[in-house]
Amino acid sequence: MATPVISPARGRSTGRPRAGMSAIERSRRRLYWPMLLPALLLMVLFYIVPILYAGWLSLHTWDGINELKWRGADNYIQLAKDPIFIGSIVNTLKILFVVGIVTFVFAFALTMILRDMMGRKFVRSVLFFPTLINAMVFGIFAGFLFSPAGPINKLLAFVGVQDPPKWLAQDNLFNLIMIVMIWSATGYFTTIIMSAVDQIPAYYYEAAGLDGAGPWAKFRHVTLPLAWDVISVCAVLWTMSSVKVFELILVFGGSTAQAPPASTWSTALYVYQAAFGGGSREFGVSAAAAIVSLALVTVLTIGLRRMLRREAIEI
Amino acid sequence: MTHPNAWLKIATGAILATSVAFAASGCTTTSASPDDGAKSLTYWSMWTETEPQAAVLKTSLESFEKDTGIKVDVQWQGRKVLEKVTTGLLSGDVPDLVDQAYDKIGPALAATNQAADLSSVLSTKIPGEEEHTVADVIPSKYFDILPSYGGEVKNYMVPYSVSNVSVFYNKANAVAPKAPTTWDELLANCQKAVDAKMGCIAADGDATWANSYWFDYLINRNMGDGAFQKLMEDKTGAAWDDAAVLKSAQQIQELVTKGYIIKGYDASKYPEQQNAWAANKALYFLMGSWAPAETAKYAAEGFDYGAFNFPSTATNASTANDTLLFGFTVPKKAAHQDEAKQFIAYFSNKDRMSGISTDANNLAARPDVDAPKQLADVAAILADNETRLPTDGVSSDVIDKGFNPTFDKLFLGKVSAEEYVKEAKAATIAYWNAKG
């Protein structure tokens, strides 16, 4: 996603240095490739080549050691027929949309509340805190907190709830995973959106207030358009990170190094299980699943970028 | 600074530095063949250095070095050791000796024909016990049950430690001190436990791997050895139509509907109920022989660890005991196979292997090594019965994808036995259909 800070020559992509160009401009031009090359080299080596290799691998059967055997599109056909893989795509989409939408609604609401609040810097730090905690901690802590004889149920019993919900039942497992994700992502995105909102001059709000705008109108007509660029970047960031969700599910669902229930698998987990999880070591299927998720995230990101495209508004 | 050559130099420098970094990171290999002519052995262990098993092995590795002059380079890799070995196989960085459980070694090295044949080790005389060969002291049944995983080598592993799955109970309990031998006796004891306002069977809803032992054992008792494998590997799903399958499912359903499984099991995370069992909140716990060691901290006062073999459901039923083997393997590409094999025989010595029992509190693969006190019962079960592998040793892929999702529904009481059999059959067919 990173774009080079130094453009080749402001609007001119090709052409030799012109006689009228300043010394600084010329040196900038000379700098372009040397500065870009190391990053480009790393990018090609660590992203592009592995992706191409995964694409190649996805057309083969491979146990990770012996020779590759050509399998054509059969790995993809196998995935299309596999109810567990379909389920893992549904789960990934649930994370993307359900968790994403709830997280952003919370982030906006918090932004609105925090904008005029006293001690908001402190509150912001508190909100950001869950992002810093390793998913492992949630997994272990939730097991303790929500266990049948755990503190939450004891508290509920104290206030008279005799038949508490089965928090850790398998049906609720994925919901619990989603709630933890919302909890940890909200602070992160609130922090980013807040920093954009902080840049909006107060007089826009004052002017809107004078025109009789309430909190919702202020949000809709001032905050949203002026923070739009940042919000759309956040949406893309979320899309990419949601497709990669892995360790939280592994820790939540898997006890003693066993695979978590298949009903909670995301595509990332499916990729891992196909290669290393079971006894089958199907690196070809794993690569095919990875390529499918890559296609998924690419399509969604492009779609989202198009959907969120707006004229940039200068503050 | 704006001189073109200066930038060219910087750019060249950057590229060089990057490529040097790659060369350094990508191509490091630990040399497995020292040039000084001295013999050596590289061992990658499944244990981490602080575990008691590591201490036991370390003692023997040190004395092996002293006795034979073979220099041992040991790396305590931990449980993911085989993932490192398989990566190493691609880059040529292969250890000479590796250990893990059979169901990890099998798929990684036996299925891929990357394990050396260890048959010659079996006929090797044990150093310090020259009257015995390895085959004399380690029961042949351990080698017989090893699945080949489709590979060419049968003896790809020599076990040094054994775990088995039995029903654990507190011998000092007042509700049902006598261990049941039949399924009906077990149910009767369960009723006693429920009447005494305690759970009968401890289980954690999320530990499907452990809960499925119940069904796996029932299928074995009702249908005989190898029946579970047939159930999983019959691509048409027809094996599920057998009336004994439905009976097994009904037996599970009875445990659920009669409330014999501890309250809250369907909403708990392993090892919550395991610890509850140790605190005398349930009578029975079907688990691997690591259970006493894992629950020792939580055990009620006076808790006396006992175990019985999974009860039989009919007079001529199989009494086979689920056994899990941990042992050594030698990669086929290893440079010092002879030295590795030499150490396997060396460690098979009774005195050396007994550390597995005395220090690590596990069962040693040699039956003549006394079991730790808490495992006296399970050692007897292991010695007195046929040995089988849990789930008949089928691949964990079919278990994770084809079996577990539907079994959970049965064990958690969401479907009836009839519905379960129908769904499980469909899931098996779907699994194999996807496999193509």
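Here the structure is a predicted model, which means the values were calculated and not measured. (Residues numbered from 1 in each chain as written. Chains lettered and ligands numbered in written order. Predicted model: local features only at pLDDT ≥ 70, side-chain atom pairs only at ≥ 80, totals over all residues. Heavy atoms only, no water.)

J.: Whenever I open this one, the nonpolar core confuses me. Can you help?
T.: Inside soluble globular proteins, nonpolar side chains tend to come together where they are buried. Residues and elements named next belong to chain B. Ranked by size, the top nonpolar core spans 139 residues in total, and within it Trp214, Phe215, Trp240, Tyr284 and Tyr420 carry the most contacts. Here this core gets eight residues from one element, more than from any other, and that element is helix α9 (residues 208-223). A domain-level breakdown of this core finds at least three residues from each of domain 1 (40-162 + 325-384) and domain 2 (164-322 + 392-435). When residues no more than four places from it in sequence are discounted, the contact partners of Trp240 are Phe215, Leu231, Met232, Val245, Phe403, Tyr420, Val421, Ala424, Lys425 and Thr428. (Core = buried A, V, L, I, M, F, W, Y, C linked by side-chain atoms within 4.5 Å. Buried < 20%, exposed > 50% of the residue type's maximum accessible area, 1.4 Å probe, protein only. Helix = DSSP H or I, 4+ residues; strand = E, 2+ residues; numbered from the N terminus. Domains from an automatic or database assignment. Contact = heavy atoms within 4.5 Å.)

J.: Honestly, the packing of aromatic side chains in this entry has me stumped. Any pointers?
T.: The geometry of an aromatic ring pair is captured by two quantities: the separation of the ring centres and the angle between the planes. According to the stated counting rule, one finds 53 aromatic pairs over all chains in the structure shown. For the pair B:Tyr43 and B:Phe328, a centre-to-centre distance of 6.1 Å together with 70° between the ring planes defines the contact as edge-to-face. Remark: B:Phe328 occurs in strand β10 (residues 321-329) and B:Tyr43 occurs in strand β1 (residues 40-45); sequence separation between them is 285 residues. On the accessibility criterion, B:Tyr43 (0% relative accessible area) is buried. You can call B:Phe328 buried: its relative accessible area is 1%. Centre to centre, the rings of B:Phe328 and B:Phe347 are 5.9 Å apart; their planes meet at 85°, and the pair counts as edge-to-face. One end of the pair, B:Phe328, is in strand β10; the other, B:Phe347, is in helix α14 (residues 337-347), and 19 residues separate them in sequence. Summarising the burial analysis for this pair, B:Phe328 and B:Phe347 share the class buried. Taken together through their ring pairs, the aromatic side chains of A:Phe104, A:Phe108, A:Phe128, A:Tyr188, A:Phe189, A:Trp216, A:Phe219 and A:Trp238 make up a single cluster. Directly above the ring of B:Tyr346 sits B:Arg352, whose terminal nitrogen or CZ lies 3.6 Å from the centroid. (Phe/Tyr/Trp six-rings, centres within 6.5 Å; stacked < 30°, edge-to-face > 60°. Lys NZ or Arg CZ within 6 Å of the ring centre and 35° of its normal.)

J.: Please explain the interface of chain B and chain A as it appears in this structure.
T.: Where interface size is given, it is often the accessible area lost as the parts come together that is meant. With 42 residues of chain B at the contact, the number on the chain A side is 51 residues. Across the chain B/chain A interface, buried area totals approximately 3800 Å², and carbon plus sulfur atoms make up 61% of it. For the interface between chain B and chain A, the tally reads four salt bridges. Among the salt bridges present, the one from A:Glu282 reaches B:Lys435, with a minimum N-O distance of 2.6 Å. (Buried area = accessible area lost by both parts, 1.4 Å probe. Salt bridge = Lys/Arg side-chain N within 4 Å of Asp/Glu carboxyl O.)

J.: Which parts of the structure should I look at to understand the environment of B:Ala430?
T.: Within the element layout of this structure, B:Ala430 appears in helix α19 (residues 417-435). Sequence-wise, B:Ala430 and B:Lys235 are 195 residues apart; in three dimensions their C-alpha atoms are separated by 8.9 Å.

J.: What is the right way to read the packing of helix α7 (residues 170-198) of chain A against helix α10 (residues 228-243) of chain A from this model?
T.: For any two helices packed against each other, one specifies the inter-axial angle together with the distance between the axes. Residue and element names in this part refer to chain A. Across the interface, α7 lies against α10 with an axial gap of 9 Å and an inter-helix angle of 155°. One element, α7, and the other, α10, form an angle in the roughly antiparallel class. The two elements α7 and α10 cross, and the hand of that crossing is right-handed. Where α7 abuts α10, its residues Ala185, Phe189, Ile192, Ile193 and Ala196 lie against Val230, Ile231, Cys234, Leu237 and Trp238. (Axes fitted to C-alpha atoms, helices over the stretch in contact; angles between N-to-C directions. Parallel < 35°, antiparallel > 145°, perpendicular 65-115°, else oblique. Left-handed = near helix turned anticlockwise from the far one by under 90°.)

J.: I keep staring at unusual backbone geometry and nothing clicks. Help me out?
T.: All names here are of chain B. A cis amide bond links Tyr270 to the next residue, Pro271, at an omega of 5°. Within the fold, Pro271 resides in the loop between α11 (243-257) and α12 (272-278). Not every positive phi belongs to a glycine, and Asn361 is a case in point at roughly 60°. Topologically, Asn361 is positioned in the loop between α16 (355-358) and β11 (363-364).

J.: What should I look at first to understand the side chain of B:Thr112 in this one?
T.: Here B:Thr112 shows up in the loop between α4 (102-110) and α5 (119-122). Of the polar contacts made by the side chain of B:Thr112, one reaches the backbone oxygen of B:Ala108; its length is 2.6 Å. Here B:Leu109 takes part through its backbone oxygen, which lies 3.3 Å from a polar atom of the side chain of B:Thr112. If we skip the residues at most four places from it in the chain, B:Thr112 touches A:Asp63, A:Ile65, A:Asn66 and B:Pro107. (Polar contact = N/O pair within 3.5 Å; in protein donor to acceptor, adjacent residues only side chain to side chain.)

J.: I keep staring at the pattern of salt bridges and nothing clicks. Help me out?
T.: Opposite charge on two side chains permits pairing when their charged atoms draw close. In the structure shown here, the tally under the stated rule is 20 salt bridges over all chains. Between B:Asp368 and B:Arg366 there is a salt bridge; the shortest N-O distance is 2.8 Å. For B:Asp368, a relative accessible area of 34% puts it in the partly exposed group. Classification of B:Arg366 as buried rests on a relative accessible area of 1%. Linked by salt bridges that have partners in common, A:Asp82, A:Glu282, B:Asp397, B:Lys401 and B:Lys435 make up one network.

J.: Just checking my understanding: could you explain the pairing of β10(B) for this structure?
T.: Successive side chains on a regular strand alternate, one facing one side of the sheet and the next facing the other. Residues and elements named next belong to chain B. Along β10, nine of the nine residues are buried, which leaves the element largely enclosed by surrounding structure. As defined by bridge partners, strand β3 (residues 97-101) adjoins β10 across four bridges and the pair is classed as antiparallel. Considered in β10, the bridge of Gln100 is made with Gly327. The sheet contact formed by strand β6 (residues 158-170) and β10 spans seven bridges and is antiparallel. Bridge pairing links Val165 to Asp322 in β10. Pairing between β10 and strand β12 (residues 387-388): two bridges, direction parallel. Looking across to β12, one finds that Asp322 is bridged to Arg388. (Pairing = 2+ DSSP bridges.)

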